[in-house]
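# Commentary on secondary and tertiary structure
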Amino acid sequence: NGAAPTDHTQRLLPVLQEYWGYDSFRPLQAEAMGCVLSGRDSVVVLPTGGGKSLCFQAPALAMEGLAVVVSPLISLMKDQVDALTAGGASAAFVNSTLSADERRDVAERVRSGEVKLLYAAPERLLAARTLEFLQSVNVSLFAIDEAHCISSWGHDFRPEYRGLRTLKERFPGVGIHAYTATASEQVRQDIAQQLGLQDPEFLVGSFDRPNLLYRVRHSQNRFGEVCDLVNARKGDSGIVYCISRKEVDATAAALRELGVRAAPYHAGLSDSDRQRNQDRFLKEEIDVVVATVAFGMGIDKSNVRYVIHAGMPKSLEAYQQESGRAGRDGLDSECTLLYQPRDAMTWRRLMASSGENHDGALAALAGMEAYASGVVCRHRALVGYFGQDLGKDNCGACDICLAEVDLIDDPLVTAQKIVSCVARLEERFGGDYTAKVLAGSREQRIVDQGHDRLSTHGLLEADGVKVIRGWIDQLMGQGYLEKAGEFGTLAITATGWSLLKGEASPRLARPAVKKAARRAASGGAE
Ligand code: ADP
Ligand code: ZN
């Protein structure tokens with residue numbers, strides 16, 4: 001079990017001081033660094049902003065030899081190496097952007113022992129020549145960043161990570177340390193297994209970020225709502241995430257027209273444009289970065305006061321990571337998700353066309369949908385997804401606990417009406433159709449099928465199709481209904497059947513978009 005963390009703490013504090021100017025550890029950093037120093041394999045799970053990088057960087061500087069860091073993104077690598085170099089540490093990276101001469105130069109600096117940290121993407125690291133080279137020098141440790149990429153259970157599976165297994169065989173005496181912000185037990189175990197770790201230490205930090213205020217809005221007019229939210233916080237640093245590049249460009253342009261200092265950030269921009277927009281954001285020359293949900297990894301600014309998702313991310317891991325870019329300085333910040341049920345369909349389509357529609361990714365998407373349509377405390381739902389307990393009833397920092405959401409008084413009765421209508425329709429129709437039947441629609445299709453004569457026809461007439469449709473999403477989010485079959489017809493789950501017997505306590509909220517938008521606007525000034 002290595003030495004007690006306190007011994008290592010003694011040894012590393014001066015390093016923290018010298019290179020970063022920090023004088024204490026964040027939670028679990030000392031323990032994680034202890035593993036690195038003692039060579040015990042480890043899997044370290046900390047939320048975004050938790051300080052994972054330091055867990056291997058500081059020991060790397062204190063240890064003999066070369067630390068090898070595996071990182072998936074070239075932009076991320078460069079940022080880290082730049083930051084280390086600026087702090088006086090010697091670090092380098094090898095990737096496809098380097099010329100042969102530059103690569104030779106890096107190899108020379110590694111061989112002379114000058115470089116303490118070498119960053120590489122997995123495909124580069126695993127090239128036969130690189131491995132041979134590394135076997136000829138003294139490797140102190142392997143750090144695998146974004147380690148969930150090795151697991152097909154994770155939300156960001158990268159097949160090239162699978163080859164990292166060979167590290168344990170080729171470098172049997174060298175500790176391997178995996179870092180991720182994805183905490184599901186399954187992914188954690190999979191990481192350890194795929195890497196062939198030996199009796200690894202698992203260190204899992206708390207996932208709650210109490211300074212973040214979480215809200216979900218069922219959005220009607222996303223564009224206008226983003227503009228309102230940004231306008232309400234003029235002058236503050238913020239990030240707006242959109243699903244597509246097209247939306248990013250349009251949103252950035254619309255914000256600029258409103259006089260907001262905004263710039264786009266996505267994979268379609270050249271590296272230099274992206275870098276420039278990021279730098280301007282860091283230097284506060286612009287206030288808002290509009291990015292694609294798939295491309296926010298590089299943005300690291302401590303005083304981001306709000307993050308708006310103008311579109312649902314494809315997993316709660318991604319949402320946690322992206323929204324987690326707000327309030328890294330620990331000050332109050334806001335995270336708002338503007339959600340439309342069709343976001344999930346958009347993702348399914350994108351996943352299918354990129355061949356990414358495996359079980360892990362689809363389950364992750366379902367988890368995200370459940371969060372967005374659910375009506376339970378957001379902090380509880382988020383940490384719950386990562387297998388943790390919130391430890392308090394009212395978080396005081398989400399739309400649910402702050403009672404911004406209009407919960408209806410008789411949710412069980414209303415839910416029973418909806419679920420029994422699904423039963424009467426023999427689970428053969430989708431959400432829109434079911435909502436229309438409950439609202440008492442007499443459109444041709446419904447009359448033709450004789451569904452205007454069902455006992456549940458018109459049962460929720462007073463509420464209207466839109467509201468009922470929202471409730472159906474909420475019931476799906478809470479697991480009483482599910483989509484089934486190739487046509488996505490509504491089916492009743494086991495808990496849905498118990499609900500019909502009165503054995504359940506669903507929660508239903510009346511969509512209150514107008515009211516919510518006003519609150520958000522005044523909330524910004526409080
Ligand atoms: P992660 O990789 O877990 O998202 P980072 O390693 O990027 O997090 O760290 C997030 C921020 O916290 C960085 O700005 C980092 O310099 C800072 N940080 C990390 N450890 C400490 C510490 N012990 N004291 C103060 N700041 C820290
Ligand atoms: Zn709450």
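The numbering scheme is per chain: residues are counted from 1 as the chain's sequence reads. For this description, chains carry letters from A and ligands carry numbers from 1, given in the order in which they are written. Selection of residues for local features in this predicted model requires a pLDDT of at least 70, selection of side-chain atom pairs for listing and counting requires 80 or more, and totals for whole chains, interfaces and linings are taken over all residues.

The name given to the chain in an unreviewed UniProt entry is DNA helicase RecQ, and the organism recorded there is Pirellulimonas nuda. UniProt positions are given in the numbering used here, feature names are shortened, and annotations may be inferred rather than shown by experiment. What UniProt records for the chain under Catalytic activity (unreviewed entry) is the sentence "Couples ATP hydrolysis with the unwinding of duplex DNA by translocating in the 3'-5' direction." Per UniProt, the chain carries the Sequence similarities (unreviewed entry) text "Belongs to the helicase family. RecQ subfamily."

Another point: the overall build of the chain. Helix and strand assignments come from DSSP, with helices taken as H or I runs of at least 4 residues and strands as E runs of at least 2, each series counted from the N terminus. The secondary structure content of the chain amounts to 22 helices and 17 strands. For the chain, the C-alpha atoms occupy an extent of roughly 85 × 50 × 45 Å along the three principal directions. With C-beta atoms placed from the backbone, a residue is labelled by how many other C-beta atoms lie within 10 Å of its own: buried for 20 or more, exposed for 12 or fewer, partly exposed between the two. Counting every position in the chain, which comprises 526 residues, the buried fraction comes to 46%. Placing a C-beta atom from the backbone of each residue, one calls two residues in contact when those atoms lie within 7 Å. Long-range pairs, those at least 24 residues apart, make up 75% of the contacts in the chain with a sequence separation of at least 6.

Before going further, it helps to spend a moment on the sheet that holds strand β6 (residues 175-180). The strand order across the open sheet formed by 7 strands is β3-β4-β2-β5-β6-β1-β7, and the pairing between neighbours is parallel. For this open sheet the edge positions go to β3 (91-94) and β7 (201-204), each flanked by a neighbour on one side alone. The sheet shows a mean angle of 20° between the axes of neighbouring strands, taken without regard to direction. In terms of strand pairing, strand β1 (residues 42-45) meets β6 through 4 bridges, oriented parallel. The residue bridging Ser42 from the neighbouring strand is His177, located in β6. Here an axis means a line fitted to C-alpha atoms, over the contact stretch when the element is a helix, while the angle between two N-to-C directions is reported on a 0 to 180 degree scale. Along the sheet, helix α5 (residues 100-111) contacts β2 (66-70), β3 and β4 (117-120); its crossing angle with β3, the most-contacted strand, is approximately 140°. Only when DSSP finds a minimum of two bridges between them are two strands counted as paired.

What follows covers the sheet that holds strand β10 (residues 262-265). If you walk across this open sheet you meet the 6 strands as β8-β13-β12-β9-β11-β10, and the pairing is parallel. One side of each edge strand has no neighbouring strand; the edge strands of this open sheet are β8 (212-218) and β10. On average, adjacent strands in this sheet sit at an angle of 15° to one another, irrespective of strand direction. Where β8 meets strand β13 (residues 333-339), 7 bridges bridge the pair, whose relative direction is parallel. Residue pairing across strands places His218 opposite Tyr339, the latter belonging to β13.

In this section: the pairing of strand β5 (residues 139-144). The buried fraction of β5 is high, at 5 of 6 residues. By the bridge criterion, 4 bridges tie β5 to β6 in an arrangement that is parallel. By the bridge assignment for β6, Ile144 is matched with Ala178.

This part covers unusual backbone geometry. Phi is positive for Glu146, close to 50°, though the residue is something other than glycine. Position of Glu146 among the secondary structure elements: in the loop between β5 and α8 (166-170). A count of 23 C-beta atoms within 10 Å places Glu146 in the buried class. The phi dihedral of Glu427 is positive, around 55°, even though this residue is not glycine. Structurally, Glu427 is set in the loop between α17 (411-424) and α18 (431-439). What makes Glu427 partly exposed here is the crowd of 16 C-beta atoms within 10 Å.

Bringing the nonpolar core into the picture now. Only buried residues count toward a nonpolar core: Ala, Val, Leu, Ile, Met, Phe, Trp, Tyr and Cys, linked into one set through C-beta atoms within 7 Å. Val240, Val290, Ile418 and Leu438 are the most contacted members of the largest nonpolar core, which totals 84 residues. Take this core: its biggest share by element is 6 residues, from helix α15 (residues 359-373). Not counting residues within four places of it along the chain, the set of residues in contact with Val290 comprises Val240, Cys242, Val248, Thr251, Ala252, Ala262, Pro264 and Tyr265. The next biggest cluster of nonpolar side chains, apart from the first, holds 62 residues, and it includes Val36, Ala60, Leu125 and Ala192.

This part takes up the packing of helix α13 (residues 316-323) against α15. Taken N-terminus to C-terminus, the directions of α13 and α15 make an angle of 60°; their axes are 8 Å apart at the nearest point. With respect to α15, the element α13 is oriented oblique. On α15, the residues touching Leu316, Glu317 and Tyr319 of α13 are Ala364, Gly367, Met368 and Tyr371. We call Asp, Glu, Lys and Arg charged. Ala, Val, Leu, Ile, Met, Phe, Trp, Tyr, Cys and Pro are nonpolar, and the rest, Gly among them, are polar. Of the residues assigned to the contact of α13 with α15, the class counts are 5 nonpolar, 1 polar and 1 charged. An angle below 35 degrees is treated as roughly parallel, one above 145 as roughly antiparallel, one from 65 to 115 as roughly perpendicular, and anything else as oblique.

This next bit is on the site of ligand 1. Residues in contact with ligand 1 amount to 15 residues; listed here are only the nearest, Tyr22, Gly50, Gly51, Lys52 and Ser53. It is helix α3 (residues 52-62) that provides the largest number of residues to the shell around ligand 1, a total of 3 residues. Taken together, the residues of the shell around ligand 1 break down into 4 nonpolar, 7 polar and 4 charged. We call a residue near a molecule or strand when its C-beta atom, built from the backbone, sits within 6 Å of it.

Another point: the environment of Ile150. Structurally, Ile150 is set in the loop between β5 and α8. Taking C-alpha positions, Ile150 is 7.2 Å from Gln194, a pair spaced 44 residues apart along the chain. Residues contacting Ile150, with those up to four places away along its chain left out, are Tyr161, Arg162, Leu164, Ile191, Gln194 and Leu195.

Attention now moves to helix α11 (residues 245-257). For a helix, the expected span equals 1.5 Å multiplied by the number of residues minus one. Look at α11: 18 Å from first C-alpha to last across 13 residues, which is about the 18 Å you get at 1.5 Å a residue. Among all positions in α11, only Glu247, Val248, Thr251, Ala252 and Leu255 are buried. Viewed end-on, α11 has its buried residues packed into an arc of 130°, placing them on one side of the element. For α11, exposure combined with an orientation more than 90 degrees from the buried face picks out Lys246, Ala253 and Glu257. Against the buried residues of α11 lie α10 (222-232), β9 (238-242), β10, β11 (288-292) and β12 (306-310). Directly beyond the C-terminal end of α11, a positive phi value near 90° is found at Gly259. The directions from the helix axis to the C-beta atoms form the arc being described.

Let us look at the environment of Tyr371. Among the structural elements, Tyr371 can be located in helix α15. For Tyr371, a count of 24 C-beta atoms within 10 Å puts it in the buried group. Along the chain, Tyr371 and Ala484 lie 113 residues apart, while their C-alpha atoms are 19 Å from each other. Apart from residues lying up to four places away in sequence, Tyr371 is in contact with Leu316 and Ala381.

This part covers the packing of α18 against helix α20 (residues 465-477). Geometrically, a packed helix pair is captured by the angle between its two axes and the distance between the axes. The contact between α18 and α20 brings their axes to 9 Å, and the two run at 130°. Considering their axes alone, α18 and α20 lie oblique with respect to each other. As α18 runs across α20, the sense of the crossing is right-handed. Residues Gly431, Asp432, Thr434, Ala435, Lys436, Leu438 and Ala439 of α18 form the contact with α20, whose own contacting residues are Val465, Ile468, Arg469 and Ile472. In terms of residue class, the contact of α18 with α20 is built from 6 nonpolar, 2 polar and 3 charged. Crossings are classed by handedness, with left-handed meaning an anticlockwise turn of the near helix from the far one by less than a right angle and right-handed meaning a clockwise turn.

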